[in-house]
Amino acid sequence: METITSLASAIKKSKYIVAFTGAGISAESGIPTYRGEKGLWEKYDPNLYANINYFNQEPSYYWNFFREVRYPSLKKVRPNQGHFALVEIESAGNLKTVITQNIDGLHQEAGSSSVIELHGTTRTFYCLDCSQEYSMDEVFSLLETKIPPPCPVCKGKLRPNVVFFGEPLDPQILHSAFKEAENCDFLLAVGSSLVVYPAADIPRRAKQRGAALSIINKERTPLDYIADYVINDESGKVLPRIVQSLKGD
Ligand code: NAD
Ligand code: ZN
């Protein structure tokens, strides 16, 4: 409890807070992290459905995963207390931006006003040939006729707006994320194992540039040793307590 109180008072004093989030913040919404998959998700291997070489070689694996697991999950999931708490820190404190490794769109749905999606989004698609964009609902209905689905405009190949394993991150997005890390005086890392690079360099860079670093994660991370505050617990529990403490009750 004491760590939460001192973390909240550090947040209160900060002028430019940046949150850095990973799969853990969405776990309590029912989207499994890559560690500890459950239920239907177990049928599909993230090393295959999230891998660019496999997508090129065997695209139907991704499309079947999308149809059977990803799409129904996205239609059902809602932001949890952790996502909402970050929105409250935005209004009660000085949280400026959320940099996320997640592709689920839940920060925006919760109401965060500035979100940098390092790994893209699984809610939109585009054609590799004619660049036409599609919503996930449009793509889902195409799958009823054909897998992989041809572009309705040009019959070209469609893909999700995500960064697959084996693909580089968008350099402009990465640049703006690092700029935020350099600008902030407090970096709040939440629900990330901090092992996926170059994303995990973002909290490290913030710390090197003089920001305070706090890590909220269920398990220990390789950056705990440089952090000013470490809380190993669920973000849906911890973040609302920080908000309570910020509001002084
Ligand atoms: P990760 O799966 O490597 O790590 C998630 C971390 O969250 C783990 O260390 C785990 O201990 C912790 N965790 C689990 N439940 C938690 C909770 N309730 N509260 C706090 N922490 C909790 O995920 P990562 O670090 O984000 O990186 C792996 C990659 O996985 C990223 O590239 C990301 O794009 C992708 N991914 C995204 C989603 C999503 O969009 N929701 C889901 C799975 C994986
Ligand atoms: Zn097309």
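Residues numbered from 1 in each chain as written. Chains lettered and ligands numbered in written order. Predicted model: local features only at pLDDT ≥ 70, side-chain atom pairs only at ≥ 80, totals over all residues. Heavy atoms only, no water.

> Would you mind showing me how to read the overall build of the chain here?
Within the chain, the secondary structure is distributed over eleven helices and nine strands. Here the chain has a C-alpha radius of gyration of 19 Å; the compact-globule value for 249 residues is 18 Å, and the two agree. With the C-alpha coordinates of the chain rotated into their principal frame, the extents come out at 55 × 35 × 30 Å. Burial analysis of the chain (249 residues in total) assigns 49% to the buried set. Summarising the internal contacts of the chain: among those between residues at least 6 apart in sequence, 67% fall at separations of at least 24. Taken as a whole, the chain presents about 11700 Å² of accessible surface, with 49% of it coming from carbon and sulfur. In the chain, 27 positive and 29 negative side-chain charges are present, and the distance between their average locations comes to 2 Å. (Helix = DSSP H or I, 4+ residues; strand = E, 2+ residues; numbered from the N terminus. Rg over C-alpha atoms; globule rule 2.2 N^0.38 Å. Buried < 20%, exposed > 50% of the residue type's maximum accessible area, 1.4 Å probe, protein only. Contact = heavy atoms within 4.5 Å. Areas by Shrake-Rupley, 256 points an atom, 1.4 Å probe, with all protein chains shown as cover. Lys, Arg positive; Asp, Glu negative; His and termini not counted. Charge placed at Lys NZ, Arg CZ, Asp CG, Glu CD.)

> Just checking my understanding: could you explain unusual backbone geometry for this structure?
A negative phi holds for most residues other than glycine; trans holds for most peptide bonds. Of the consecutive residues isoleucine 147 and proline 148, the connecting peptide bond is found in the cis state with omega at -10 degrees. In this fold, proline 148 is placed in the loop between helix H8 (136-143) and strand E6 (158-162). The step from tyrosine 197 to proline 198 runs through a cis peptide bond, and the omega angle for that step is 10 degrees. Relative to the assigned elements, proline 198 resides in the loop between strand E7 (186-190) and helix H10 (201-208). Positive phi outside glycine occurs at leucine 194, with the angle close to 55 degrees.

> So what exactly am I meant to see when it comes to the coordination of the zinc ion (ligand 2) here?
Expected angles at a metal are 109.5 degrees for tetrahedral coordination by four donors and either 90 or 180 degrees for octahedral coordination by six donors. Around the zinc ion (ligand 2), the protein contributes the donor atoms Cys127 (SG), Cys130 (SG), Cys151 (SG) and Cys154 (SG), at 2.3 to 2.4 Å from the metal centre. Read in sequence order, the donor residues coordinating the zinc ion (ligand 2) give the pattern C-x2-C-x20-C-x2-C. Here cysteine 130, found in the loop between strand E4 (120-127) and strand E5 (133-135), pairs with cysteine 154, found in the loop between H8 and E6; they are 24 residues apart in sequence, far enough to count as distant. The exposure class assigned to cysteine 154 is partly exposed, which follows from its relative accessible area of 32%. (Donors = N, O, S within 2.8 Å, 3.2 Å for Na, K, Ca; no water.)

> Explain the site of ligand 1 here, please?
Close contacts around ligand 1 come from 26 residues, with Ala23, Glu28, Gln101, Asp104 and Ser193 the closest. A distance of 2.7 Å is found between an oxygen atom of ligand 1 and a backbone nitrogen or oxygen belonging to alanine 23. In the complex, the protein chains occlude 95% of the 850 Å² of accessible area that ligand 1 would expose alone. Among the detected pockets, ligand 1 sits in the largest pocket. By residue class, the composition of the shell around ligand 1 is seven nonpolar, twelve polar and seven charged. (Near = heavy atom within 4 Å. Polar contact = N/O pair within 3.5 Å; in protein donor to acceptor, adjacent residues only side chain to side chain. 1 Å grid on protein atoms, 1.4 Å probe; cavity = no way out; pocket = protein on both sides within 12 Å on 5 of 7 lines; lining within 4 Å. Sits in = over half its atoms within 2 Å of the grid points. Nonpolar A, V, L, I, M, F, W, Y, C, P; charged D, E, K, R; others polar.)

Keep in mind these values describe shape, not function.
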